[in-house]
Number of protein chains: 2
Amino acid sequence: MGLAELDPQQLDTLVAETTGAYRELLERKLSLDLTRGKPSAAQLDLADELLALPGAGRTRSAGGVDVRNYGGQQGLPEIREIFGELLGIGVDQLIAQDNSSLSLMHDSVVWALLHGVPGGGRPWSGQPVKFLCPVPGYDRHFSICAHLGIEMVPVETGPHGPDPDEVARLVAADDTIKGIWVVPTYANPSGAVYDEAVTRALVSMPAAPDFRIFWDNAYALHHLTDTEHPPLDVLGLAAEAGHPDRVLVFASTSKISYAGSGVSFLGASPANLDWFLGHAAKRSIGPDKVNHLRHALYFGDAEGVRRVMRRHRELLEPKFALVSAVLERRLGDLGIASWTTPEGGYFVSLDVLDGTASRVVELAGAAGIALTPAGASYPYGRDPRDRNIRIAPSFPPEPELAAAMEGLTTCVVLAALEQQGAVQR
Amino acid sequence: MGLAELDPQQLDTLVAETTGAYRELLERKLSLDLTRGKPSAAQLDLADELLALPGAGRTRSAGGVDVRNYGGQQGLPEIREIFGELLGIGVDQLIAQDNSSLSLMHDSVVWALLHGVPGGGRPWSGQPVKFLCPVPGYDRHFSICAHLGIEMVPVETGPHGPDPDEVARLVAADDTIKGIWVVPTYANPSGAVYDEAVTRALVSMPAAPDFRIFWDNAYALHHLTDTEHPPLDVLGLAAEAGHPDRVLVFASTSKISYAGSGVSFLGASPANLDWFLGHAAKRSIGPDKVNHLRHALYFGDAEGVRRVMRRHRELLEPKFALVSAVLERRLGDLGIASWTTPEGGYFVSLDVLDGTASRVVELAGAAGIALTPAGASYPYGRDPRDRNIRIAPSFPPEPELAAAMEGLTTCVVLAALEQQGAVQR
């Protein structure tokens, strides 16, 4: 029965239970963290082999290159081959770089601002620049825009991405829109999986030649169910649509091997790769090829990566099930919240009663449960309905996660009761 | 006896010898490379231990941080402590980053252009920006400027750096000069060692608050003789002079451990570090801390680094001696060339007869001896006297180095004879 339909006595009972539970929560003086999509120690342990690789005497790539020395801006072919197969990108269109795909996105935006992009004429800077931001989305994408003075235009996203007609309409109406952030598979935090229709529409719509889709495939291989959504050949679709340079594909092993010490990847058209590497060559004499070799030896081949990902799933699936179970048990009947049940990725997106997300985060924080600030999934941190909360279940051990979820749901109910006037703040 | 003083018969003999030697050189069809300051395979072998580090079960820093996960933007304290001691920089003023100090320089310039620097008001971009470039200097410094539209102003450098009065005069006369590139110890390629007087003058002179010294201490520990020039406390001297934010110190292990897989460092004032880290946090969720731990375990302590550097010296010293010996034997008497005998670093700077450097490089290239393009050590690749050639002896094995140096000196003499009209081109 929904909160709105409770009779006065039922409401009194719920108020008593909830305020009591919150008092107990405060007394427990918890210190729990649901903020970031960090792998757990057990997940990191899966890659223990990396700690002693490449191993004594292993200093050369399959092609005979001494990986310890300078050079090789494109990255080691063997690691590009493995991830090219997994991402559905030809090895010639995929480069391997250092430990952070966020860096590749940041640098791509910076270089577009300072130098422009292939086919695009003048630099983006010195003119207004806007990016479309499917929401809820990834806060670090939005931080890059905010930091570089790029105006963000939010677009609502559904389970298969944003409405492509709406995107096309916005882009056609405003040629200062130069980019869109997309997490196409198991999006952060919505879990959305862009389907082929949306993808085809995005790569086909009319847009300025310097419009770019930042296709951040951070969770391409991070399945949580047997429904393993394969990565779409977005570069092929873009080329087929006559816009080969529209898409930059990003990926990394941050949530496959080590979060801070993995390998990042950029997939793009030949013109975009030449552009990226031309700028990158001014910045460095090449990426960490020893780490490329280390990873290539660890994985062996694409199947080796899939094997690792199945073990990640074994560790993550129970945590996501726990989150769903607590949300369902505590909030399922009250009609004050909805949430996603993602088929992959790292997040559950929880929508609470409009206008209460900030208060939920505040109540939880006071009880020692750290949540990502309300609004973080929106440009400028502004969730217009103040309802979205991102839950990151991966890092805490299950008992801590359970305690945090119980506490969080108490706060969700309490904030709703406050808003309805049933509890005084 | 100098070339100019030879009698006709002596000149004929020299012409016959030199043209004959060059013909033989062409017939040998060599393929030798003196272009880049790359460590040799034997030098890289010194760090073999790194190939299996940090080793099974080693996942935490001394402070208990799981190095495999996200975070720790400043880098691991233990590696900062070791290099802080070696560079004479307090650990609080030194951060450790990824594998390339060139990247830290590039990003510092980019962020200054886009955002300005502490105390400096508006961004550098949108106004003319110039950098002073002590010459001959490092081509990759100049590439950053050229790529980012920064005008370069060359300043002649002596054995202790440029004339500080000249630098002060230029900076005072032109407030669009926002920076100077300095390789203070065993400069690339001149071998210059900035002394305390020059250093004090540079940090003390009047300059705009957003003027920055890019103090690239790439060879701080790379001694070739028992005269080990210690790094000056340039940050302390700058603070003492009332300009704590003027200097950014860069260093790396690229020529201590691995050229592509080492650790880079930035030393700076608290305001500059906050500035750098604030921008870096938009670009990445932290550096490769596993590599920091790997290096900390390998070196152990500062003395561990010094021990490694003594072994590098053992490998490099004979190569530099060989270069000096060939230059002396083949060119010592002719009065057509002068060269440096560096006490450290990676280069010998050879000045040939004015107007012949390009021709020497061309002749050598035709004979299979690759040299850095003439002029590379000057902004825009323009050596006004066309005389400077950078010799990088580290990479080739000694027999190859010897062959390359014999060939190079033949080309130096031949180009001089051509210029004097004694040989037809």
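The rules behind the values
Residues numbered from 1 in each chain as written. Chains lettered and ligands numbered in written order. Predicted model: local features only at pLDDT ≥ 70, side-chain atom pairs only at ≥ 80, totals over all residues. Heavy atoms only, no water. Helix = DSSP H or I, 4+ residues; strand = E, 2+ residues; numbered from the N terminus. Rg over C-alpha atoms; globule rule 2.2 N^0.38 Å. Buried < 20%, exposed > 50% of the residue type's maximum accessible area, 1.4 Å probe, protein only. Areas by Shrake-Rupley, 256 points an atom, 1.4 Å probe, with all protein chains shown as cover. Lys, Arg positive; Asp, Glu negative; His and termini not counted. Charge placed at Lys NZ, Arg CZ, Asp CG, Glu CD. Contact = heavy atoms within 4.5 Å. Buried area = accessible area lost by both parts, 1.4 Å probe. Salt bridge = Lys/Arg side-chain N within 4 Å of Asp/Glu carboxyl O. Polar contact = N/O pair within 3.5 Å; in protein donor to acceptor, adjacent residues only side chain to side chain. Nonpolar A, V, L, I, M, F, W, Y, C, P; charged D, E, K, R; others polar. Pairing = 2+ DSSP bridges. Axes fitted to C-alpha atoms, helices over the stretch in contact; angles between N-to-C directions. Least-squares fit on C-alpha atoms with pLDDT ≥ 70 in both. Domains from an automatic or database assignment. Core = buried A, V, L, I, M, F, W, Y, C linked by side-chain atoms within 4.5 Å. Phe/Tyr/Trp six-rings, centres within 6.5 Å; stacked < 30°, edge-to-face > 60°. Lys NZ or Arg CZ within 6 Å of the ring centre and 35° of its normal.

A. Spotlight on the overall build of chain A. Assigned secondary structure in chain A consists of 13 helices and 13 strands. A globule of 425 residues ought to have a C-alpha radius of gyration of about 22 Å, and chain A, at 23 Å, matches this closely. Counting only C-alpha atoms and orienting by the principal axes, one finds that chain A spans roughly 75 × 55 × 35 Å. Burial status across chain A gives 61% buried among its 425 residues. Summed over all atoms, the accessible surface of chain A reaches about 15,400 Å², with 51% contributed by carbon and sulfur. One way to put it: in chain A the 36 positive side-chain charges average out to a point 6 Å from where the 52 negative ones average out.

B. Quick look at the interface of chain B and chain A. Taken residue by residue, the interface counts 58 residues in chain B and 58 residues in chain A. Carbon and sulfur atoms make up 53% of the area that chain B and chain A hide from each other, which totals about 4,500 Å². The closest approach of N and O atoms between R283 of chain A and D107 of chain B, which form a salt bridge, is 2.6 Å. Counting across the interface, chain B meets chain A through 24 residue pairs in polar contact (both at pLDDT 80 or more). Secondary structure elements with two or more residues in the side of chain B that touches chain A: α2 (41–45), α4 (101–115), α5 (139–147), α9 (270–283) and α10 (289–299) of chain B. With 8 residues, the single largest contributor to the side of chain B that touches chain A is α4 of chain B. For the side of chain B that touches chain A, a count of residues per class yields 24 nonpolar, 19 polar and 15 charged.

C. How the structure looks around the pairing of strand β4 (residues 151–158) of chain B. Residues and elements named next belong to chain B. The pairing of strand β3 (residues 130–135) with β4 spans 6 bridges and is classified as parallel. Paired with P134 across the strands is V155, a residue of β4. Hairpin connection of β4 to strand β5 (residues 161–162): 2 residues between the antiparallel strands.

D. Just the sheet that holds strand β7 (residues 212–216) of chain A, in detail. Residues and elements named next belong to chain A. Strand order in this open sheet of 8 strands is β2-β9-β8-β7-β6-β3-β4-β5, and the pairing throughout is mixed. Where the open sheet ends on each side, the last strands, each with one partner, are β2 (94–97) and β5 (161–162). Pairing analysis gives 4 bridges linking β2 to strand β9 (residues 264–267), with the strands arranged antiparallel. Residue pairing for β9: I95 is matched across the bridge by L266. Against the sheet, helix α4 (residues 101–115) engages β2, β3 (130–135), β6 (177–182), β7, β8 (247–252) and β9, with an angle of about 155° to β8.

E. How the structure looks around the sheet that holds strand β11 (residues 348–351) of chain A. Residues and elements named next belong to chain A. Taken together, 3 strands build an open sheet; the order of strands is β10-β11-β13 and the sheet is antiparallel. Looking at strand neighbours, the two that pair on one side only are β10 (338–339) and β13 (388–391), the edges of this open sheet. Sheet analysis places β11 next to β13, joined by 4 bridges and oriented antiparallel. What sits directly across from L350, in β13, is I389.

F. Looking closely at helix α12 (residues 357–366) of chain A. Residue and element names in this part refer to chain A. Buried within α12 are the following residues: A357, R359, V360, V361, L363 and A364. Buried residues along α12 sit against α1 (8–28), β12 (369–370), β13 and α13 (398–419). Remark: G368 follows α12 within two positions and exhibits a positive phi of approximately 80°.

G. Summary view of the relation of the copies chain B and chain A. For the pair chain B and chain A, the best superposition has an RMSD of 0.0 Å and corresponds to a rotation of 180° with a translation of 0.0 Å parallel to the axis. Read as a symmetry element, the transformation amounts to a two-fold axis. The rotation axis passes nearest to the C-alpha of A52 of chain B in chain B, at a distance of 2.0 Å. When the interface residues of chain B are mapped onto chain A, 100% of them are again interface residues, pointing to one common binding face.

H. Region of interest: the domain arrangement of chain A. Residues and elements named next belong to chain A. Segmentation of chain A into domains returns domain 1 (3–43 + 306–419) and domain 2 (73–300). When each unit is reduced to the centre of its C-alpha atoms, the spacing between domain 1 and domain 2 is 30 Å. Contact residues are listed per partner, giving 27 residues for domain 1 and 34 residues for domain 2. When domain 1 packs against domain 2, close to 2,700 Å² is buried across both sides, 58% of that on carbon and sulfur atoms.

I. Region of interest: the environment of G332 of chain A. Residue and element names in this part refer to chain A. As for its placement among the helices and strands, G332 is situated in the loop between α11 (302–331) and β10. Here G332 falls in the partly exposed class, since its relative accessible area comes to 32%. The spacing of G332 and G2 is 330 residues in sequence and 8.9 Å in space, taken between C-alpha atoms. Discounting chain neighbours no more than four positions away, the residues touching G332 are L327 and W339.

J. Broad picture of the nonpolar core. Judged by nonpolar contacts, the single largest core of 108 residues is most densely connected at F83 of chain A together with F83 of chain B. Ignoring anything within four residues of it in the chain, the contact list for F83 of chain A reads L94, L221, T253, I256, F265, F299 and V305 of chain A. Counting 75 residues, the second largest nonpolar core, distinct from the first, contains I150 and I285 of chain A together with L277 and A280 of chain B.

K. Highlighting the packing of aromatic side chains. All chains considered together, the criterion is met by 24 aromatic pairs over all chains. With 5.7 Å between their ring centres and 70° between their planes, F83 of chain B and F299 of chain B make a pair best called edge-to-face. Pair noted here: F83 of chain B is in helix α3 (residues 77–87) and F299 of chain B is in helix α10, with a separation of 216 residues, a long-range link. Their ring planes at 50° and their centres at 5.4 Å tell us that F131 of chain B and F214 of chain B sit as a pair that is tilted. Within this pair, whereas F131 of chain B is found in strand β3, its partner F214 of chain B is found in strand β7 (residues 212–216), the two being separated by 83 residues in sequence. Residue F214 of chain B is classed as buried on the basis of its relative accessible area of 1%. Here a set of aromatic residues connected by ring pairs shows up, and it is made of W124, F131, W181, F214 and F250 of chain A. Lying over the aromatic face of F395 of chain A, K38 of chain A brings its terminal NZ or CZ to 4.7 Å of the ring centre.

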